[in-house]
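# An overview of the molecular structure
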Amino acid sequence: MGSLQTSANLSCLCVSVRGGVQGFSTVVRQVGFNSWLLQGRIRSRKIQSLCVRSSFNNAGGSSSSEEKGLLLGAERDSSGSVVGFQLIPHSVTGDATIVESHDIVADDRDDLSEDAEQKEKPPTKLTFNIIFVTAEAAPYSKTGGLGDVCGSLPVALASRGHRVMVVSPRYLNGGPSDEKYANTVDLDVRATIHCFGGPQEVAFYHEYRAGVDWKYTALAIRYLWTTLLIADLERHMVIFMVHLVIIRLLAAKYRPYGVYKDARSIVLIHNIAHQGVEPAATYHNLGLPPEWYGALEWIFPTWARAHALDTGETVNVLKGAVAIADRILTVSQGYSWEITTPEGGYGLHELLSSRKSVLNGITNGIDVSDWNPSTDEHTASHYSIRDLSGKVKCKTALQKELGLPIRPDCPLIGFIGRLDYQKGVDIILSAIPELMQDDVQFVMLGSGEKQYEDWMRHTENLFKDKFRGWVGFNVPVSHRITAGCDILLMPSRFEPCGLNQLYAMRYGTIPVVHSTGGLRDTVKDFNPYAQEGEGEGTGWTFSPLSREKLLDTLKVAISTYIEHKSSWEGLMKRGMERDYSWENAAIQYEQVFEWAFIDPPYVR
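Here the structure is a predicted model, which is why all the values come from computation and not from measurement.

Tracing the backbone through its elements, the reader meets Asn316 in strand S17 (residues 313–316). Here the side chain of Asn316 touches Leu318 through a polar contact of 3.1 Å, landing on its backbone nitrogen. Polar contacts involving the side chain of Asn316 include one to the main-chain amide nitrogen of Lys319, which spans 3.0 Å. With residues near it in sequence (within four places) discarded, Asn316 still touches Gln275, Gly276, Val277, Leu296 and Trp298.

What follows concerns the sheet that holds strand S25 (residues 540–542). Each strand in a sheet pairs with another by means of backbone hydrogen bonds, the pair being arranged parallel or else antiparallel. One open sheet holds the six strands; their spatial order is S22-S21-S20-S23-S24-S25, and the pairing between them is parallel. Looking at which strands have only one partner, the edges of the open sheet turn out to be strand S22 (467–471) and S25. Here the strands of the sheet are splayed against their neighbours by 15 degrees on average, with no regard to which way each runs. Sheet topology note: the strand S24 (residues 510–514)/S25 ladder contains three bridges and is parallel. Bridging across to S25, Val512 finds its partner in Trp540. Here helix H11 (residues 450–462) sits on the sheet in contact with strand S21 (441–446) and S22, set at roughly 145 degrees to S22.

Before going further, it helps to spend a moment on the packing of helix H10 (residues 425–435) against H11. One can describe the packing of H10 onto H11 by two numbers: an axis separation of 11 Å at closest approach and a directional angle of 25 degrees. Comparing the axis directions of H10 and H11 gives the class roughly parallel. Read as a crossing pair, H10 and H11 show a hand that is left-handed. In contact with Val425, Asp426, Ile428, Leu429 and Ile432 of H10, H11 contributes Tyr452, Trp455 and Thr459.

Two elements in contact, helix H9 (residues 389–402) and helix H12 (residues 475–484), have axes whose closest approach is 8 Å; the angle formed by their N-to-C orientations is 125 degrees. Considering their axes alone, H9 and H12 lie oblique with respect to each other. Two packed elements cross with a definite hand, and for H9 against H12 that hand is left-handed. Contact with H9, carried on its side by Lys391, Cys394, Lys395, Leu398 and Glu401, involves Val477, Arg480, Ile481, Thr482, Ala483 and Gly484 of H12 and no other residues of that element.

The predicted model of the protein averages 77 in pLDDT, with 73% of residues at 70 or higher. Scored below 50 in pLDDT, residues 1–77 makes 257 contacts in the model with residues more than four places away or belonging to other chains. Counted against residues more than four places away or in other chains, residues 79–118, with its pLDDT under 50, gives 112 contacts.

Attention now moves to the packing of aromatic side chains. Counted according to the given criterion, the structure contains 13 aromatic pairs. Ring centres of Trp371 and Tyr507 lie 5.8 Å apart, and the angle between their planes is 75 degrees; on these two criteria the pair is classed as edge-to-face. Pair noted here: Trp371 is in the loop between strand S19 (359–361) and H9 and Tyr507 is in the loop between helix H13 (500–506) and S24, with a separation of 136 residues, a long-range link. Connected via pairs of aromatic rings, a cluster forms that spans Tyr140, Tyr181, Trp214 and Tyr216.

Most of strand S20 (residues 412–416) sits out of view: five of its five residues are buried. Across the two faces of S20 the burial is the same, with Leu412, Gly414 and Ile416 and Ile413 and Phe415 all buried. Judged from the five bridges that link them, S20 and S21 form a sheet pairing that is parallel. Directly across from Leu412, in S21, lies its bridge partner Gln441.

Examined against the element boundaries, Glu179 turns out to sit in the loop between strand S9 (163–169) and strand S10 (185–195). Sequence spacing of Glu179 and Tyr140 is 39 residues, and the spatial spacing of their C-alpha atoms is 9.4 Å.

Now for the sheet that holds strand S16 (residues 297–299). Strand order in the open sheet formed by three strands is S15-S17-S16, with antiparallel pairing between adjacent strands. The sheet is open, and its two borders are formed by strand S15 (277–279) and S16, each paired with just one other strand. Adjacent strand axes in the sheet meet at a mean angle of 45 degrees, parallel and antiparallel pairs treated alike. Here three bridges tie S15 to S17, and the two strands are oriented antiparallel to one another. The partner of Val277 across the bridge, within S17, is Asn316. Here helix H6 (residues 317–324) sits on the sheet in contact with S16 and S17, set at roughly 55 degrees to S17.

How each quantity is defined
For every chain, the first residue of the written sequence is number 1, and numbering continues from 1 along that sequence. A pLDDT threshold of at least 70 governs which residues receive local features in this predicted model, and a stricter bar of 80 or more applies before side-chain atom pairs are shown or counted, although totals over entire chains, interfaces and linings include all residues. Think of the side-chain values as coming from all heavy atoms in the structure, minus any hydrogens and water. Helix and strand assignments follow DSSP, with helices taken as H or I runs no shorter than four residues and strands as E runs no shorter than two, numbered in order from the N terminus. Pairs of N or O atoms within 3.5 Å make up the polar contacts considered here, provided that, within protein, one atom can donate a hydrogen while the other can accept it, and that residues adjacent in sequence are counted only when both atoms are side-chain atoms. Residues are treated as being in contact if the distance between any of their heavy atoms lies within 4.5 Å. When DSSP finds two or more bridges between a pair of strands, those strands are recorded as paired. Fitted lines through C-alpha atoms serve as axes, helices being fitted only where they are in contact, and the angles separating the N-to-C directions of these axes extend from 0 to 180 degrees. Here the angle decides the label: under 35 degrees means roughly parallel, over 145 means roughly antiparallel, 65 to 115 means roughly perpendicular, and every other value means oblique. By definition, turning the near helix anticlockwise from the far helix through less than a right angle yields a left-handed crossing, and turning it clockwise yields a right-handed one. Confidence of the predictor in every single residue is expressed as pLDDT, which spans 0 to 100. When two rings of Phe, Tyr or Trp (its six-membered ring) have centres within 6.5 Å they constitute a pair, described as stacked for plane angles under 30 degrees, edge-to-face for angles over 60, and tilted for the intermediate range. Throughout, exposure labels follow a simple rule: accessible area from a 1.4 Å probe, protein chains only, divided by the maximum for the residue type, with under 20% read as buried, over 50% as exposed, and the rest as partly exposed.

Now the structure itself:
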C-alpha cells in the first residue's frame, strides 16, 4: 500500500458506454456493486430493457405494497433473436434507461431558512452506471479539491437515480485503526496485474454508503495501476469517471477487439498545473503499445532542462488525454477559457484551443450538510438567513479563541488556504504592513512554504492585537474562521474553481477575490445602486493582482462594513440564499454525458 501524497496528476476523466455491454445471467439481489464483482457469471448476451411496474422491493425478493420500477430484460441469442426475458433492477442494465416522472423524489437539500419548502428535483432523462477511479475521495482521503469532488459528486449522481461506484486506494493510514474505514469489508477478492516488470496483487475493500458503492484497493504501487485493473474487470459499466490512462486504453487495448467500441471519454481537468509528466523511460509502464508514444510525448525546451545531456524527453499523461478525449471539462467556466491562453495553459494552450468546440466548464458544488451555519457542530453559535444574530457570537468566540481583543464592530478579515505562490500569499505579505495601520483584525490559517509560515509567526509578534497566524490545517478551525470573519480574502493567481469563497458566502462572510477562474464565476461584484437602490452582488473582485489593487478593494469592503450596515446585510443575505449544492453540477454532468453521444468517438 502506498502513502497519500499530492499526485503529479490529479485529473479525472469520464468514459461513457451505451449498448452492446454484457449483462448478467441472474437477477442481482444484493445492494451495491459488490455482487457484480463477486458474482463472476457474466454472459455474452446483449441486454435491452424497458421499464415495467413490479411489487418487488429493492432486494428483488419479497413483495411490498410500494411499487418499484424494474426492467424487463430481453435475452437474445447470437442471431439477435429474443430467447427469453427476466426482471432485473434498473442499475444492472447495459443501456441507459428512461426514468419516468414518478421516480423523481423531493430534493432533500437543506435550505438556510428553517421551514423552507422542499423543491422538486429536475427530471433525470437517462440513468447510467457510473464508476469513479480516483487518487482520493473525501472523507477517506483528501489533499485538495479532487478529494472533495470525488467524495460529493458521486453521492449527488446516485441521488438522481444513477448507479455509482468509487474506486480509490486504501493508503497506509487506512488501516484497522482508522475510523473512516470502520464500516469497510474485505471482499476477499485478490487480482493480479503485471507492471514494473512483475505481477502486483491487489486486494479489495467495500462499503455501501449514501447510495454509493465505495471500493478501496490495497495496492503496493501508484494508484493509476488500479485503473488498468478496473478496465479489465468492469467491462459492463456504462460510465467511467477514472484516471487519464483509461482514454488511451480504450482506443489502444479494447476497441481494436470490439470492446468499448461505443464508448465516449470525457477528461475532467482539476488543475492544469499538474499534468502527470514523467521520464520518457516510464512509458512502458503504462501498458500502451509503442505506436501510441507520440500521443504522450512531451519535450521540454532547452532552458528548462536540468543539464547539457538532458534531452528533455518525457511523457505527459494529461496531454495524451486532451488529444484524444471526446469531450473536455474543467471545474468552472472561467477556467475553461483561461487554460486556452498562454498564461493559463501551462504549455497545453494550443492543443486546448484546437479543441474549444468540446471544452466546457462546470462549477463544483459543496457539501451543504457539512457546511451549514444553522447546524455546524464546529461553531460557537448557529444562525441562518432569517436570524443573523448568531454570526456575531461566532465572531466574538473566534476572537476569544485566538487571543484577539473581543471587538464585535472591528472588521475581521480571514484567509484560509495553502501558503504558496498560487494562492497569492506574497501579495498579502506585501500588503499587511499598510493594512495593519487601519482598525482591522486579520487571521490566516494554512501551511505550505516555510518562508510564509515563518512570516506568519513573525507578523503575529509584530501586531499582537491585530494579526493571528495558525500554521497547519485544522477543519474545525476553518469552519470557525469562515463563520466568525466578516471578510474572506482570496488573492489567488489562478483558481480552477475555489471552494472557500462558496463556504464563505453560505456563512454570510463576504469574499474579496482576485478576478480569475472560478472566483470570477462565483463572486458577483457589489453594486449598491442596482435593483432600484436595493443593491446586487455578493462580494468584490479585483484585477490586476497587485498590492495596490488588493488594498484599494479591501478598503472599499471595510468602509462598506463600517458605514453601510444595511448594504452589508444585503450582501450577506444574497450570498447565503444562493444554491451551492452538488445537485446543479450533477444535472450539468448529465447533459455532458448526453452530448458525448452526439458525434461518433473522436478516436476509433
